[in-house]
Amino acid sequence: MLMKKKITFILLASLCFFASAATKLTLSNGIKLTFEGCTDNSVRIEAICKTGSAPAKELELKRKASKDQFVQAGDSYVWRDYSIEPSENGYSILFKGKELYSSKFVEEKKVLRELRTWSEAKSFYGFGQAGRKTDLRNQSFTIFNVSKYGDHAYIFIPFYFTEKATSVYYNANGKDWIFFQDGEDSQAYTSLYKRIESYVCQEENTKDCVKKFYKETETSCMLPKWAYGYIQSKYGYKTQQEVVNLVNDFKKHDIPLDAVVLDLFWFRKMGDIYWTSPDFPNPQELDNFMEENGVKLITITEPFFSTASQNYKDLKSMNLLCKDKKGKIVLWRDWWLVDKDREGGLFNPLGKKASKFMGSRYSKMVESGIDGFWTDLGEPEGAKDTIFYGKYPEQVFHNYYNYYWSKALFEGMKAEHPDKRIFIMSRSATTGSGKFNVSVWSGDVAVSWPSLSNQVAYGVNTGLSGLPYWGSDVGGFTPEESPEELYVRWQQFGAFTPIYRAHGTGSREPYAYSKEAEEITRDAIKTRKALLPYIYSTARQTMNGIPMMRPMFFEDSEIPSEYNSTQYMFGDSILVSPICKPKILETEHTTYLPEGNWYNFYSLEKVSIQKGKNALVTKNSINQIPVFIKEGAIIPAQKDGENYIFVIPAENVQNTFTLYNDDGESEQYKEGSFAELQLSLSGNSLRGKVIGDKKFLSDSYTIVVPAKNGTFSKQKVLLDELCSGIQLK
């Protein structure tokens, strides 16, 4: 009987090649259900009421329909390995005969609700920068990008996947709502527009879920190399002389500094987008000083324009300000109207001349010495409900806003400076924003231990959602004072995140604290500097759909769930376990080490742990947070002009790592101007292979291996020797 069912299933699946249209059904409650197979092997499922609508359908994510489609087989519909079984008010979807979930649709007075009950899946990951835990179960969200002061910036990417490797993408509209099931409860999704469309895809593993989404959203770019270094910011440096003093102070205290961020005080009127503040009298002189010291400059801009700004008249004449339904420019007063402005309006990124305007203004910024762009308030914060972006009302277009703002800036800059590698640091984003060289951060977070603890989940889930470049306000944003112990712990965490930037309403410079805190922070920043070859190579991996901050279940699928929100992998080999409680509450810290041998990151000493007992308890030290590297690790590094490769060899252990490098500033890497040193470790043998242009590699490397007595063994080898293969000493 079982064989008969299997043969029947295969025969039905073959019939799919003769079907060519989406299947459309009407459920007993009047809801129209449509499902079709897509060329990427996912299934599109749409439920819509008679009064339902798709107000921004042309902006939604679309997957191409497959030529072969579902065919009816009794009470089921079959396509490839999927089958859908309609029910009275919903459906069940199966993969290879095994139910993934069942759904029920309920139309209420103002909404359409889907109750989705997962058959086996219990954990859910992704969905952008939303949940305070990496696992989204038992958390609910209104899908509407917003930055909450003292909480965090909610960036919704309506993509998630389960621990069973089923991925889901919702074409969410503004203020749709979702609850992720926990236990016996159903997952609930509510649409104000009475239409719910999702794509469902079963993958081989969770990594494939993420890789596929990266590819689909075209998240494939490198930031300028300096952007992966240490960035200093605060609200804010108010004068040109203060910036000069800042750079000199970092030199005086022997602390590496890669970039400085200027907040609101570099201009006079909101929307000037230029050096109009008298407190920055000579931008060229400042640029010369910064370049001489190897420090880049990032400045803030917002999408709001005061009627008194130098750009307002041009925006009005170019039809680039948001209007109401009657075609009148919407103006209002808000906190961002610095000085004594009367009122201001919002930039319309859908305007025909949007990219031209952005290109001309931001190009002028670049020519004045600005190296990177901080685009703030781009949810857009506080936008009036009466606003229309062309034909789209504010609520409908809201979550798309930052995408099109970033797009206008990116494309405008490319028209003016086609070979310049752009850096955009944005407080908001949506599906696909990563293609525009956008880095995000967790927003105006609180200065508190719980806030620090939340950052792991924010960073990991953001990376799983197609936004690999993420950071936080190291030290916390508000209130002004960041307690020393908290600041130090945040710095130690920040050194192992994709983007490393200190920021807050008060001073967040390392030397603003005690000598001990300064020394510890200096060590963290110097560690970051030393790791840049590993970090830059890890950033390159994002172009293949692999985030920089990775969940522990990528390393060990059996890890207890609580550790997925307290520790993570930074690249291939570094496990980071931040300390997020003060010493008065936590004197010991527990880290889960997956099966295998692990080494202390700082000493390269092997960690002693009993087989089968993976929870390692360590005594807290203010000098360091627990960081470990796994056996077989290959970690390139640099210090004082010398290039190193740290290797943890072991008998019968094999591993590979690709050291990547390019010029760090142009777009030529997209045309093949880069070098890869593909390193292969097999037991005590290490071999390299060069791909690309050798000029981006060092002529020699110092190989560092841990010795049995707790010291290091070093051997310097030429690149050609390494490519011939060496035996590690």
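Residues numbered from 1 in each chain as written. Predicted model: local features only at pLDDT ≥ 70, side-chain atom pairs only at ≥ 80, totals over all residues. Heavy atoms only, no water.

**Q** Can you explain the environment of leucine 331? Please cite residues and give values.
**A** With respect to the element layout, leucine 331 can be found in the loop between α5 (312–317) and β23 (344–346). Residue classification places leucine 331 among the partly exposed positions, given a relative accessible area of 28%. (Helix = DSSP H or I, 4+ residues; strand = E, 2+ residues; numbered from the N terminus. Buried < 20%, exposed > 50% of the residue type's maximum accessible area, 1.4 Å probe, protein only.)

**Q** Which residues make up helix α2 (residues 206–216), and what are the values?
**A** Among the residues of α2, Thr206, Cys209, Val210, Phe213 and Tyr214 are the ones counted as buried. Here the buried residues of α2 occupy an arc of 130 degrees about the axis, which is enough to place them on one side. Looking at the buried residues of α2, the elements they touch are β14 (159–162), β15 (166–170), α9 (449–464) and α13 (552–555). Of the residues trailing α2, glutamate 218 is marked for its positive phi of about 60 degrees. (Arc of directions from axis to C-beta. Contact = heavy atoms within 4.5 Å.)

**Q** Break down the pairing of strand β3 (residues 43–48) for me, with residues and values.
**A** The buried count for β3 comes to six of six residues, which makes it a mostly enclosed element. Judged by which residues are buried, β3 turns out to be covered on both faces: Val43, Ile45 and Ala47 on one side and Arg44, Glu46 and Ile48 on the other are all buried. Sheet topology places strand β2 (residues 32–37) next to β3; six bridges connect them, and they run antiparallel. Along β3, the bridge assignment pairs glycine 37 with valine 43. Adjacent in sequence and paired antiparallel, β2 and β3 are bridged by five residues, among which asparagine 41 carries a positive phi angle near 75 degrees. Bridging between β3 and strand β18 (residues 195–202) involves six bridges; their strand directions are antiparallel. When the bridges of β18 are listed, arginine 44 appears paired with tyrosine 199. (Pairing = 2+ DSSP bridges.)

**Q** I'd like a rundown of the pattern of salt bridges, residues and numbers included.
**A** This model, assessed by the stated rule, comprises 37 salt bridges. Residues lysine 391 and glutamate 58 are paired through a salt bridge, measuring 2.7 Å at the closest nitrogen-oxygen approach. On the criterion of sequence distance, the pair formed by lysine 391 in the loop between β25 (388–389) and β26 (392–393) and glutamate 58 in the loop between β3 and β4 (71–73) is long-range, its members being 333 residues apart. Assessed through its relative accessible area of 41%, glutamate 58 is described here as partly exposed. Residue lysine 212 is joined to glutamate 203 by a salt bridge in which the shortest nitrogen-to-oxygen separation is 3.1 Å. When salt bridges that share partners are traced, they join Glu36, Arg44, Glu46, Glu60, Arg195 and Glu197 into one network. (Salt bridge = Lys/Arg side-chain N within 4 Å of Asp/Glu carboxyl O.)

**Q** An account of the packing of aromatic side chains is needed here, citing residue identities and associated values.
**A** Counting across every chain of the model gives 68 aromatic pairs. Considering the side-chain rings of phenylalanine 35 and tyrosine 77, the 5.5 Å spacing of their centres and the 75 degrees angle between planes classify their relative orientation as edge-to-face. Taken as a pair, phenylalanine 35 in strand β2 and tyrosine 77 in strand β5 (residues 76–79) lie far apart in primary sequence, 42 residues in all. Assigned by exposure class, phenylalanine 35 and tyrosine 77 land together as buried. Positioned above the aromatic ring of tyrosine 536 is the side chain of lysine 225, whose terminal nitrogen or guanidinium carbon lies 4.7 Å from the ring centre. The ring centre of phenylalanine 265 lies 5.1 Å from the NZ or CZ of lysine 238, which sits over that ring. (Phe/Tyr/Trp six-rings, centres within 6.5 Å; stacked < 30°, edge-to-face > 60°. Lys NZ or Arg CZ within 6 Å of the ring centre and 35° of its normal.)

**Q** Can you tell me about helix α8 (residues 401–416), naming the residues and giving the values?
**A** The end-to-end C-alpha distance of α8 is 23 Å, a good match for the 22 Å that 16 residues give at a rise of 1.5 Å each. Of all the 16 residues making up α8, 12 are buried; the element is thus mostly covered by neighbouring parts of the structure. Within the sequence span of α8, burial applies to Tyr401, Asn402, Tyr403, Tyr404, Trp405, Ser406, Ala408, Leu409, Phe410, Gly412, Met413 and Lys414. (Expected span 1.5 Å × (residues − 1).)

**Q** Pulling in residues and values, what's your account of the sheet that holds strand β29 (residues 470–471)?
**A** Spatially, nine strands are ordered β29-β28-β27-β24-β21-β20-β19-β31-β30 in an open sheet, and the strand pairing comes out parallel. Of all strands in the sheet, those bounded by a partner on one side alone are β29 and β30 (473–474). Pairing geometry for strand β20 (residues 259–262) and strand β21 (residues 296–301), over four bridges, is parallel. By the bridge assignment, valine 261 is partnered in β21 with isoleucine 298. Against the sheet, helix α3 (residues 240–252) engages β19 (230–232) and β20, with an angle of about 150 degrees to β20. (Axes fitted to C-alpha atoms, helices over the stretch in contact; angles between N-to-C directions.)

**Q** Can you explain the sheet that holds strand β8 (residues 98–107)? Please cite residues and give values.
**A** The sheet built from nine strands is open, its strands ordered β4-β5-β6-β7-β8-β9-β17-β16-β11 with antiparallel pairing. Each of the sheet's edge strands pairs with one partner strand only, and the pair in question is β4 and β11 (140–143). Averaged over neighbouring strand pairs, the angle between their axes works out to 20 degrees when direction is ignored. Sheet topology note: the strand β16 (residues 176–179)/strand β17 (residues 187–191) ladder contains three bridges and is antiparallel. Its bridge partner lying in β17, isoleucine 178 is registered against tyrosine 189.

**Q** Residues and numbers for the nonpolar core, please.
**A** Among the nonpolar cores identified, the biggest contains 190 residues, and Val260, Phe347, Phe373, Phe496, Ile574, Leu686 and Ile703 are the most heavily contacted of them. For this core, the element with the highest residue contribution is α8, accounting for eight residues. Among residues more than four places away in sequence, those in contact with phenylalanine 373 are Ile298, Thr299, Tyr362, Met365, Val366, Leu409, Met413, Ile422, Phe423, Ile424 and Met425. Core analysis: the second largest hydrophobic core is formed by 41 residues, Phe105, Phe127, Leu136 and Ile143 among them. (Core = buried A, V, L, I, M, F, W, Y, C linked by side-chain atoms within 4.5 Å.)

**Q** Lay out the side chain of glutamine 492 with the relevant residues and their values.
**A** Relative to the assigned elements, glutamine 492 resides in helix α10 (residues 484–494). Taking relative accessible area as the criterion, glutamine 492 reaches 5% and is therefore assigned buried. Sequence-distant contacts of glutamine 492, that is, excluding residues within four places in its chain, are made with Ile520, Ala524, Ile622, Asn623, Gln624 and Ile625.

**Q** Describe the packing of α9 against α10, listing the residues and the values that go with them.
**A** The geometry of α9 relative to α10 is characterised by a closest axis approach of 10 Å and an angle of 10 degrees between their N-to-C directions. Considering their axes alone, α9 and α10 lie roughly parallel with respect to each other. Residues Trp449, Ser451, Leu452, Gln455 and Val456 of α9 form the contact with α10, whose own contacting residues are Glu485, Leu486, Arg489, Trp490 and Phe493. Of the residues assigned to the contact of α9 with α10, the class counts are six nonpolar, two polar and two charged. (Parallel < 35°, antiparallel > 145°, perpendicular 65-115°, else oblique. Nonpolar A, V, L, I, M, F, W, Y, C, P; charged D, E, K, R; others polar.)

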